[in-house]
Amino acid sequence: MELEIDDGGKDSDNADELLRIGNRSEERIYIKSDGSLSNGMEIITHPMSLNYHKAKMPWEEVMHRAVQLDYRSHKTSTCGLHIHVNRTTFGNTREAQDECISRVLYFVEHHWLELLKFSRRTKYQMNRWVARYGYKSNPKEILEDAKKGSNGRYTCVNITNWNTVEFRMFRGTLKYNTLIATLELVDKICEMANMVTDKEMTSISWSDFVSCLDDITTPELITYLKERRLYVNTPIDEKEDD
């Protein structure tokens, strides 16, 4: 996962402080400079499971200290939250992986307005940094178009990496609940893509998707969906940007 933070300075002392918190008992994160940021840095995790993010990665402490050091993430025009998923999540062969990934792309395209609202990005930010692939009637058509695309990695779901699929649509955040809810959402989308057929995917509504969630495994996600008025099948206004 890559979390961009800005406005607090490209400061090695600040970076060292965040690294000390994040890597207290073992190495979990590293920090890089990023040319898209005005005056900040990018916190990158080593590969870890969702359960590890929730149970062992000290995100609350890292983000709290970042705020104290005057960093911002959501309240900037520069920061994103990028989540990488191993391609092996989707199968052992390239063909099996592509089949599941095509269903991920289909879900994102067909629930674009809900995911736009979830992402906290504006339409302008989406169009500039994380372009969509476009509506198609079935998953395989979307994947075929995605492979021919000219936007490179600057797409909502970047499939150009050899080892990972990168979800790039989310705005940065220094709120723990929002971070974990986003991880839980990506996990559920990938889980669903592995479980259903192409035909089943084309019939899944947003309300079908959220009705499969539960308070035990996705408590932060459910709370966040309720806060964003996305937990029920409420019509989304296409003009809504915030």
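One can find the structure itself at the top, above this paragraph.
Keep in mind that this is a model prediction, so the values were computed, not measured.

Trainee: Explain the layout of surface pockets to me, and be specific about the residues and the numbers.
Mentor: Estimated volume of the largest pocket: approximately 600 Å³. Together, 23 residues line the largest pocket, and Met48, Ile83, His84, Val85 and Asn86 are the ones closest to its centre. Looking at the lining of the largest pocket, the elements with two or more residues in it are strand 3 (41-45), helix 2 (50-55), strand 4 (80-86) and helix 8 (176-195). With 6 residues, the top contributor of residues to the lining of the largest pocket is helix 8. When its volume is computed, the second largest pocket comes out at roughly 330 Å³. Around the second largest pocket, the lining comprises 23 residues; the ones closest to its centre are Glu4, Asp34, His82, Arg153 and Arg168. At the level of secondary structure, the elements contributing two or more residues to the lining of the second largest pocket comprise strand 1 (2-5), strand 3, strand 4, helix 6 (123-129) and strand 6 (164-171).

Trainee: Go over the packing of aromatic side chains with me, naming the residues and quoting the values.
Mentor: Each aromatic ring pair is specified by the distance between its two centres and by the angle formed by the two planes. Applying the stated criterion across every chain yields a total of 6 aromatic pairs. Among the aromatic residues, those joined into a cluster by ring pairs are Phe107, Trp206 and Phe209. Its guanidinium or amino end placed over the ring of Tyr231, Lys226 lies 5.2 Å from that ring's centre, counting from NZ or CZ.

Calculation notes
- Residues numbered from 1 in each chain as written.
- Predicted model: local features only at pLDDT ≥ 70, side-chain atom pairs only at ≥ 80, totals over all residues.
- Heavy atoms only, no water.
- 1 Å grid on protein atoms, 1.4 Å probe; cavity = no way out; pocket = protein on both sides within 12 Å on 5 of 7 lines; lining within 4 Å.
- Points joined across faces, edges and corners; volume = space filled by probe spheres on them.
- Helix = DSSP H or I, 4+ residues; strand = E, 2+ residues; numbered from the N terminus.
- Phe/Tyr/Trp six-rings, centres within 6.5 Å; stacked < 30°, edge-to-face > 60°.
- Lys NZ or Arg CZ within 6 Å of the ring centre and 35° of its normal.

Any link to function would need more than the numbers given here.
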